[in-house]
Amino acid sequence: MTASLTDKRDGIFQPVVATAPLPARAGVGFKAEHASDVFENADPVSWFEVHPENYMVSGGPRLQMLTQLRERFPLSLHGVGLSLGGGEPLDKNHLRSLRALVDRFEPAQVSEHIAWSGHDGKYLADLLPTPLTLAALADLVNAIDEVQNAVGRRILIENPTSYLALPQNAMPETDFIMAAARQSGCGLLIDVNNIFISAYNLGFDARDYIDVLPADLIGEIHLAGHEQDADARDDVLIDTHSRPVASPVWALYWRLIDRIGAKPTLIEWDNDIPDWQVLAHEAALANAIIDASENCAKKPLRKVAS
Amino acid sequence: MTVTVQARHDANGAKNDDNAGFHRAFANALMDENPAAFPAGFDPQASRRFAIYRNNVHRGLQEALAAAYPVVKTLVGEGFFYAIAAQYMRAEGKRTPSLALYGKGFARFLAQHEAIAPVPYIPDVARLERAWLEALHEADAPVTGATDLAGMENRLAALHFTAHPAARLIVSDFPIVSLWRANQPGVEKSGSVAIPDRAETALITRPHFKVQTVMLDAGACVFARALLAGMSVGAAYEGAVAQDPAFDVTPVFAQLLASGMFCGFTAGDE
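Every value quoted in this text rests on a predicted model; they were computed, and no experiment measured them.

Student: For this particular structure, what's the right way to read the overall build of chain A?
Tutor: In terms of helices and strands, chain A carries nine helices and twelve strands. When the backbone C-alpha atoms are referred to their principal axes, chain A occupies close to 70 × 55 × 40 Å. A burial count over chain A gives 57% of its 306 residues as buried. By sequence separation, contacts in chain A at least 24 residues apart represent 77% of the contacts at least 6 residues apart. In the structure as shown, chain A presents an accessible area of about 12,600 Å², 52% of it carried by carbon and sulfur atoms. Here chain A carries 25 positive and 42 negative side-chain charges, and the mean point of each set is 7 Å from the other.

Student: It is not clear to me how the overall build of chain B should be interpreted in this structure. Could you clarify?
Tutor: Along its length, chain B carries ten helices and five strands. Expressed along its principal axes, the backbone C-alpha trace of chain B runs to roughly 85 × 60 × 30 Å. Scored against the burial criterion, the 270 residues of chain B give a buried share of 44%. Counting contacts in chain B only where the partners sit at least 6 residues apart, residues at least 24 apart contribute 68% of the total. When the accessible surface of chain B is totalled, it reaches about 13,300 Å², and 55% of it is carbon and sulfur. Considering chain B, the positive charge centre built from 23 side chains and the negative charge centre built from 27 side chains are found 9 Å apart.

Student: I would appreciate a short explanation of the interface of chain B and chain A in the present structure.
Tutor: It is common to give the size of an interface as the accessible area lost on bringing the parts into contact. Residue-level contacts link 51 residues of chain B with 57 residues of chain A. Taken together, the links from chain B to chain A amount to two salt bridges. Among the ionic pairs, D234 of chain A bridges to R48 of chain B, the shortest N-O distance being 3.5 Å. When residues in the side of chain B that touches chain A are grouped by element, the largest group, eleven residues, is from helix α2 (residues 44-68) of chain B. Its residues assigned to classes, the side of chain B that touches chain A comprises 24 nonpolar, 15 polar and twelve charged.

Student: What am I meant to see in the domain arrangement of chain B here?
Tutor: Residue and element names in this part refer to chain B. By domain assignment, chain B separates into domain 1 (23-93 + 100-119) and domain 2 (136-187 + 196-266). There are zero residue pairs in polar contact (both at pLDDT 80 or more) connecting domain 1 and domain 2. Here the side of domain 1 that touches domain 2 is built from residues that sort into four nonpolar, one polar and no charged.

About the cut-offs
Residues numbered from 1 in each chain as written. Chains lettered and ligands numbered in written order. Predicted model: local features only at pLDDT ≥ 70, side-chain atom pairs only at ≥ 80, totals over all residues. Heavy atoms only, no water. Helix = DSSP H or I, 4+ residues; strand = E, 2+ residues; numbered from the N terminus. Buried < 20%, exposed > 50% of the residue type's maximum accessible area, 1.4 Å probe, protein only. Contact = heavy atoms within 4.5 Å. Areas by Shrake-Rupley, 256 points an atom, 1.4 Å probe, with all protein chains shown as cover. Lys, Arg positive; Asp, Glu negative; His and termini not counted. Charge placed at Lys NZ, Arg CZ, Asp CG, Glu CD. Salt bridge = Lys/Arg side-chain N within 4 Å of Asp/Glu carboxyl O. Nonpolar A, V, L, I, M, F, W, Y, C, P; charged D, E, K, R; others polar. Domains from an automatic or database assignment. Polar contact = N/O pair within 3.5 Å; in protein donor to acceptor, adjacent residues only side chain to side chain.

Below is the structure:
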């Protein structure tokens, strides 16, 4: 390593790069395949996000690459394994590993999902649905509080993708996620693609969901592509992160930031990963909407004299 | 961070602690051998769509195993590999929420699997692939090379080396290195590749940020194993000569030093 994020003179971590908040512009999920493009010229992408679980190793090339990335860009750690909605005690080793990454990489933001991904010591490698009940809400709030204390900072929690309505559900999802944020003191990461998919799959109007989200809680927005399920007997959308962002999702995104203002916006693309130029183009589209929305806000239409 | 924890009682005052029961039923249905299983109380649409979660979970774990054991997958074929991966997914106990090192016990699982008995080299190839993956993610450490031994020429026999964290020695009765090399991505697949019928030992190292696989012969294997165990160079040499009277220490010692398997040494007792 020629350059380092840490000053190792005393063996004590001293961040050389100051931690700034994520810019309210487009970021993308970092993929090793794009490393040479990113390190050469990342425009128009100004920040990156990774799953901390992929970096919970002792050493080697992955951590080295993340160090190089962090030397150049603000970083967001977006967890998939804490199982906040699991209704059981959090994995203490996992929390310690997350804390170690937060200490080492000084991310601008730390986030997790409103979901569960393991049960009784078995990791299930998916984001599973949390029942929308008071009992689950209390467990979720406790879990968020434990994470925030463990990593020493406020986190964001992400709204889930739904494929089915659990029979246990006793309140609207918007009430559930806002209560979780208000009671725990965390913020929200709003995935617009998830809202679109859930609305399509469960039969509600995505605009109603978007319109009640409070601006003060939202710290980041996610956008991604989805696909129709291969099962022709069922009309259902799957959250595949394998395509460009769909037009109706862009429209919902525009609707959201027009009301709440620009926020750090991530393009997620995790499967069938395209060339860097394709991903950069998606980021450019997000920036274009941010710019257009801000310009419209500054220049309201004049009333036409009658 | 102020927290108002809502009491775990619903509006009627009834204790509402069925959250754990929900997760248990859901998780059990996900892993049920019956692919049409779903948790109790689901309506027809929900029970049909439960298959989406089931597919995501199974595919997530099985693809993680396939990514960790690509050569085993090639050798046994995709269909057979995923059938075994499904059994392994149900059999393996505690797992961490990181898939970076998923599949720790897979070689042992394969060795105990009756369907693998006719191809007994497969578990050893799995051990090699596991060692490769562990080496990739092991702790970083500076490598001790030949230049670090300048001035020690007369005291070499008394040296004890410290094993680099990423160094792994995989000893097999089968030609695991030849099999592994012939099935790397990018290797020409046209025609058949001659695999020698012999025992092979793989030395896996990660001197900087790239994993390397070196094949050692019988004498070198004994020598390397003794050095990794912390024995002096002199004692390791005697062991190697006992194994192979023709053992030539100079080129083997140079090969081991170049491989990056050491990260320090002591001069021992004098």
